[in-house]
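Coordinate analysis (summary)
Okay, here's what each chain looks like letter by letter:
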Amino acid sequence: QALKRAYFGQGSGPIHIDDVLCNGNETLLLDCDYEPDHNCVHSEDAGVVCGEAQCTEGDVRLVDGSTIYEGRVEVCYNRVWGTVCDDVWDTLDATVVCNQLGFSTERALAFSHAYFGAGSGPINIDDVQCGGVESNLLQ
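Residues numbered from 1 in each chain as written. Predicted model: local features only at pLDDT ≥ 70, side-chain atom pairs only at ≥ 80, totals over all residues. Heavy atoms only, no water.

1. Some details on the nonpolar core
Counting residues in hydrophobic clusters, the biggest one holds 11 residues: Val60, Val73, Val75, Val84, Trp89, Val96, Val97, Ile125, Val128, Cys130 and Leu137. At the level of elements, strand S6 (71-77) and helix H1 (91-100) are the ones that each hand at least two residues to this core. Setting aside anything within four residues of it in sequence, one finds tryptophan 89 in contact with Val73, Val84, Ala94, Val97, Ala110, Phe111, Val128 and Leu137. (Core = buried A, V, L, I, M, F, W, Y, C linked by side-chain atoms within 4.5 Å. Buried < 20%, exposed > 50% of the residue type's maximum accessible area, 1.4 Å probe, protein only. Helix = DSSP H or I, 4+ residues; strand = E, 2+ residues; numbered from the N terminus. Contact = heavy atoms within 4.5 Å.)

Right, here's the structure in full:
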């Protein structure tokens, strides 16, 4: 669903594109036709509501953090998102998650005891014991 008039609040900083026209087959927003010069103000910022994408086995995501770099770890198992139990959860496990998401592992930290809030749905994996070099949590 496309939302207009800064439905989720006004942004700040530069506005990069205007008059976006997509046909729905594009992979990236920048593949759509658009005008790089704009006559917009932030009260016209665009918003979108998407349906939840079906996940791929072993995908991970961070949920309910204050930035994209932190949050409760969820993993896709049997095409369903679920949480990771924090039994024996440590920095080596956090390192694998950060690496899998394409983030720096330099300051990877492990949080436990539902630090980012309790999840809902299934607990997909438990007793994770990574060595820090795996390409994903399910290895």
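2. Notes on the packing of aromatic side chains
Per the stated rule, a full pass over the model turns up five aromatic pairs. A ring pair is formed by tyrosine 7 and phenylalanine 8, whose centres lie 5.0 Å apart and whose planes are at 80 degrees; its orientation type is edge-to-face. The same class applies to tyrosine 7 as to phenylalanine 8, namely exposed. Here the aromatic rings of tyrosine 115 and phenylalanine 116 are separated by 4.9 Å at their centres, their planes lie at 75 degrees, and the arrangement is edge-to-face. Tyrosine 115 gets classed as exposed once you look at its relative accessible area, which sits at 55%. Phenylalanine 116 sits in the buried class, given a relative accessible area of 16%. Taken together, the aromatic side chains of Phe111, Tyr115 and Phe116 make up a single cluster linked through ring pairs. (Phe/Tyr/Trp six-rings, centres within 6.5 Å; stacked < 30°, edge-to-face > 60°.)

3. With respect to the state of the cysteines
Applying the stated criterion across every chain yields a total of two disulfides. The side chain of cysteine 22 participates in a disulfide bridge whose partner is cysteine 32; the two sulfur atoms lie 1.9 Å from each other. One quick way to see it: the torsion about the S-S bond of cysteine 22 and cysteine 32 is about 105 degrees, and its sign makes the bridge right-handed. Here cysteine 32 lies in the loop between strand S2 (18-21) and strand S3 (33-35) and cysteine 22 lies in the loop between S2 and S3, a separation of 10 residues in the sequence. Cysteine 32 sits in the buried class, given a relative accessible area of 5%. Cysteine 55 shares a disulfide with cysteine 76; S-S distance 2.2 Å. Taking the torsion about the sulfur-sulfur bond, which here is approximately 70 degrees, the covalent link between cysteine 55 and cysteine 76 counts as right-handed. Here cysteine 76 lies in strand S6 and cysteine 55 lies in the loop between strand S4 (47-48) and strand S5 (60-64), a separation of 21 residues in the sequence. Note on accessibility: cysteine 55 and cysteine 76 belong to one class, buried. Cysteine cysteine 85 shares no disulfide, and the gap to the nearest cysteine sulfur, in cysteine 130, comes to 14 Å. (Disulfide = S-S within 2.5 Å.)

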